[in-house]
Amino acid sequence: MTPEDRTPCPTAPGRRGRTRRQIAALLPACVPRTGLLRSGLGHAVSLATMAAAMSTATATPSFRNDIMPILSQAGCNTGACHGSAGGKGKLKLSLRGESPDEDFATLTADRHGRRLNVDRPEASSLLRKPAELTDHEGGRRFGVDSEAFRLLRDWIAAGAVMDPADAPGLTGLSVTPDRGLFTEPVREVPLTVTARFSDGTTRDVTRWAVYEPSNLLVRVSPDGRVRAEKSGDTTVVVRFQHLQTPVPLAFMPDRPPLTAPLPPPRNLLDEAIFARWRERRLPPSDEASDSVFARRAWLDLTGRLPTAEQGRAFIEDPAPNKRDRLIDSLLASPEFTDHWAMKWADLLRVEERILDVTGVTAIHRWLRQAVAEDRPLNEMARALVTARGSTYQNPPANFYRALRDPTTRAEAIAQVFLGTRLGCAKCHNHPFERWTQDDYYRFSAVFDTVSYTILRNDRRDENDQMEFVGEQVVRHDGPRSLKHPKTGAEPAPGFPGAPGLTVPPAEALDQLGTWMTGPDHPLFARVQVNRLWSHLMGTGLVEPVDDFRLTNPASHPELLDALTAFFLANGQRAKPLIRLICQSRTWQLSSTPRPENADDASQYSHPAIRRLPAESLLDTIHQVLGVDPVFGSYPDARAAASLPGVRLGGRRARATDADRFLKDFGKPPRTTVCGCERTNESSLSQVFTLTSGPGLARLLRHPDNRLTALADPSLDPATALDSLFRTALTRPPTDEEKTALTPLLQDPAARRAALEDIAWSLINAKEFLLRH
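Below or above, wherever it landed, is the structure these notes cover. (Residues numbered from 1 in each chain as written. Predicted model: local features only at pLDDT ≥ 70, side-chain atom pairs only at ≥ 80, totals over all residues. Heavy atoms only, no water.)

**Examining the environment of Arg 375**
1) Next: Within the secondary structure layout, Arg 375 lies in the loop between α12 (352–372) and α13 (377–385).
2) Next: In this structure, the C-alpha to C-alpha distance between Arg 375 and Thr 245, residues 130 residues apart in sequence, is 38 Å.
3) Next: In this view, Arg 375 contacts Trp 366, Ala 370, Met 380, Ala 383 and Arg 573; residues no more than four positions away in its chain are not counted. (Helix = DSSP H or I, 4+ residues; strand = E, 2+ residues; numbered from the N terminus. Contact = heavy atoms within 4.5 Å.)

**So, the sheet that holds strand β7 (residues 218–220)**
1) Next: Taken in spatial order, the 3 strands make up an open sheet running β3-β8-β7, and their pairing is antiparallel. Where the open sheet ends on each side, the last strands, each with one partner, are β3 (188–190) and β7. This sheet shows a mean twist of 20 degrees between the axes of neighbouring strands, independent of strand direction.
2) Next: With 3 bridges joining them, β7 and strand β8 (residues 225–228) adopt antiparallel strand pairing. Following the sheet pairing, Arg 219 is matched in β8 by Arg 227. (Pairing = 2+ DSSP bridges. Axes fitted to C-alpha atoms, helices over the stretch in contact; angles between N-to-C directions.)

**Describing the state of the cysteines**
1) Next: Tallied over the entire structure, the rule returns 1 disulfide.
2) Next: Here Cys 674 connects covalently by a disulfide to Cys 676, the sulfurs 2.2 Å from one another. Looking down the S-S bond of the Cys 674 and Cys 676 bridge, the torsion is 130 degrees, so its handedness is right-handed.
3) Next: In this structure Cys 81 is a free cysteine whose sulfur lies 5.9 Å from that of Cys 76, the closest cysteine sulfur available. (Disulfide = S-S within 2.5 Å.)

**What about empty space enclosed by the protein?**
1) Next: Taken as a whole and judged by the stated rule, the model has 4 cavities of 30 Å³ or more.
2) Next: Of the pockets and cavities examined, the largest cavity occupies roughly 190 Å³.
3) Next: In terms of lining, the largest cavity is formed by 18 residues, of which the most central are Trp 340, Trp 344, Leu 377, Leu 532 and Ala 574.
4) Next: Sorting the residues of the lining of the largest cavity by element identifies α11 (334–347), α12, α13, α18 (524–537) and α20 (574–583) as the ones contributing at least two each.
5) Next: Looking at the lining of the largest cavity element by element, the count peaks at 5 residues for α11.
6) Next: Broken down by class, the residue content of the lining of the largest cavity amounts to 11 nonpolar, 2 polar and 5 charged.
7) Next: The space that makes up the second largest cavity amounts to roughly 90 Å³.
8) Next: Around the second largest cavity sit Arg 296, Leu 536, Met 537, Thr 586, Trp 587, Leu 589, Tyr 604, His 606, Pro 607, Ala 608, Arg 610 and Arg 771, which together line it.
9) Next: Broken down by class, the residue content of the lining of the second largest cavity amounts to 7 nonpolar, 2 polar and 3 charged. (1 Å grid on protein atoms, 1.4 Å probe; cavity = no way out; pocket = protein on both sides within 12 Å on 5 of 7 lines; lining within 4 Å. Points joined across faces, edges and corners; volume = space filled by probe spheres on them. Nonpolar A, V, L, I, M, F, W, Y, C, P; charged D, E, K, R; others polar.)

**Concerning the pattern of salt bridges**
1) Next: For the structure on display, the rule yields 51 salt bridges.
2) Next: Two residues, Arg 325 and Asp 317, come together in a salt bridge whose shortest N-O distance is 2.7 Å.
3) Next: Several salt bridges converge on common partners, so that one network encompasses Asp 346, Glu 615, Lys 667, Arg 670 and Arg 678. (Salt bridge = Lys/Arg side-chain N within 4 Å of Asp/Glu carboxyl O.)

Everything listed here is a matter of coordinates, which is why it stays silent on function.
Listed below in structure tokens is the structure:
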């Protein structure tokens, strides 16, 4: 054997002593350590299988219509694999196949190399790695006897060419069924996906589509069979090439028909929800008691509790319209103004590091006035988007003070007002939406002329370039500097979803304010309706509340349409819609489920129980004990809901117990416009704060708290107990609770300590900590 006859195996570098004849025999299946060929028998079978796969003669596969779908279906171009920003293993593909031309150039850069070899297709790593005929970090994506393997091999053997210019392109995608409600015993539904092409032909692409369920209620097999793991609603997004379509599916248990008629609906909200209950055979819970209703109304609308006297007066009021009257009185209260101004401050990044205390106070005062006057939300949004001038004299200008570059402004305004998360399109076309990278930079260009004149900056930390202390002037005539990262060109301003609209840079922001908030805009009103619904019902009709897209449909589309029409008919004001929701039977249901609806988590047959937000929890604890909270940065504030900003402590004041409590229980830092900054999750720190924390201990022992008055020996023990229960839980103690607790208050010398223990127990009770 001559030296020329000895060559290493191309898939196992470093192996020596194998002749070319031996290598040729092993080439289709040389697998070091891993893969299909682990024994002599497996070797022979795999060779036979590969030979059969390679011998199948077909027309030359299309790169766009055959090869790209294979890469997508195998997961090769996902963000976790070669579609990531840096690629994997020296191979970078466009994310989810968004750019076939770029992927073709990448794959065919060398037609005679290791990745792709048109002379010896079976030697191509593009074929061998996904079939795991050689080491592959991504594992086996398809077998050598699969159609995917055959199509890839045939395309390489045909020269790995791009489709001709007149080749048919994908124009439409349909799925059958396109939606469905299925009752046990049906737990599996096959989907059929049909692609339409520009030459008028259609093709069943079920096997090559990608299926992405919105939750873990279902699993979808590669051939499109949806299998329900449990009952509930899901959406399966079906994707083929650049098109995708959502398929809403619901799997429900085999419930018996409703035996009792539903109560008459009170408004359009009930009509839509009741129709869904009838469809799902889902009986609602009973109506909430007056005490539960009163507590819920005060908490949802004001973030606080009724006093013992207010709760008692409501419960004992015999008037049939007392619930409507209570809702109206709360909507007109200053506590409502504080509570809902706080929600807007969270979204608009009202925090002291960039805005400074004066700016924070100015915009918070403006928000309070807008909420108190029930200013139309489209007018509020327009004022913010078009704001300019001094951040001290024109409070809405502080919105831009917090957003220091054009892309941040574009993303924030799209998310808050249009329910559109554009961030993914900054580096590539949006994987779940129609927005392209060009759309992203055109919209960002709308904000490119925003600039600042910093009149003064007394920052405390000279190294923190994002801290500003002093007045600034927001201008709309700054020099343009934004460049498209791919072309290097200065993008022309444009609005998402309006590609033909010409927007002069000097008028871009004013045009945006008018275009975005007009009654004909398809998103603005729906986004505001959905956010208000989420605040009151615990979850959005679209969830997340600021992620509106075709592939994330509303759970109740007819209801969202009806509420949006109502919102528009009422001048885009918040209070009429809040009133409508609170007056509905749906909102007024008991949170105690029936056996028949206990598994319902999406149809509103009983309210979702959730922990009180940080501000409400702090304020209600202080209400129960009758002591005002103290805040380091805002010493004049008397409630957490009325705080303009988020700073813990001031320049000369340390963070207080109340400041630390808010941080522990999830008050957002307001560094983004995403509602996800706020967390209602429980933690061990929260448990310690409520059970053994020094802050609560100091409140319980405060010499001037409510317990001091209730411990007065002249006060009847039963009266003291009743007052404490009504203050904390908006109800009197039950007979069982009276029997157990009244004896503890009989001894005047021990009454104060007993009241502290009872108050501690009430504050730590689920009935107090949860909105129910």
